[in-house]
Amino acid sequence: MKLQPDRIEGVNVISGLTADAVSVNGVTHTSSIVVPWVGDIGPWGTAGFDALAAEEFERLAALEPEAVIFGSGKRIRFAPPLLLRSLMARRIGIETMDTAAACRTYNVLAGESRKVVAALLLG
């Protein structure tokens, strides 16, 4: 799927998604990634949904977003609340959806100049 959001200077934009890759700012990534509204895109250290750990969500909270959009893969799978404690403690919203929907939602929010982070699991 090709995504073509309006481009706001300095804001990271998800430009495409396939079954095994996501493109951000025209660069293709083939493993799970974290996409903050601004700054560096980086790998998300998880090996998949079943390997999620609280430390990964703490890393997201440290970015101080308004919201985290969690793309849980091809289907919606909710992370256990215990893993989300760091986000809840800082009053950071978290929305869970499949990765394709997460990419679209991230682009809309980032396009509105919102402080949003996409945490995307591939596969």
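Here's a quick rundown of the structure. Given the structure is predicted, the values throughout are model-derived calculations rather than measurements. (Residues numbered from 1 in each chain as written. Predicted model: local features only at pLDDT ≥ 70, side-chain atom pairs only at ≥ 80, totals over all residues. Heavy atoms only, no water.)

Some remarks on helix α1 (residues 54-62)
Link 1 in the chain: Of the positions making up α1, those classed as buried are Glu56, Phe57, Leu60 and Ala61. On an axial view of α1, the arc spanned by its buried residues comes to 145 degrees, and they lie on one face.
Link 2 in the chain: Turning to α1, the residues buried within the fold contact β4 (33-36), β6 (67-71), α2 (85-89), β7 (93-97) and β8 (116-120).
Link 3 in the chain: Phi for Glu64, located one or two positions after α1, is positive at around 55 degrees. (Buried < 20%, exposed > 50% of the residue type's maximum accessible area, 1.4 Å probe, protein only. Helix = DSSP H or I, 4+ residues; strand = E, 2+ residues; numbered from the N terminus. Arc of directions from axis to C-beta. Contact = heavy atoms within 4.5 Å.)

Comments concerning the nonpolar core
Link 1 in the chain: One finds Trp44, Phe57, Leu60 and Leu120 to be the most contacted residues of the largest nonpolar core, which totals 38 residues.
Link 2 in the chain: Counting only elements with at least two residues in this core, the list comes to β1 (14-18), β2 (21-24), β4, α1, β6, α3 (99-111) and β8.
Link 3 in the chain: The biggest single contributor to this core is α3, with seven residues.
Link 4 in the chain: When neighbours within four sequence positions are excluded, Trp44 is seen to be in contact with Ser32, Ile33, Val34, Leu52, Glu56, Phe57, Arg59, Leu60, Phe70, Ala119, Leu120 and Leu121. (Core = buried A, V, L, I, M, F, W, Y, C linked by side-chain atoms within 4.5 Å.)

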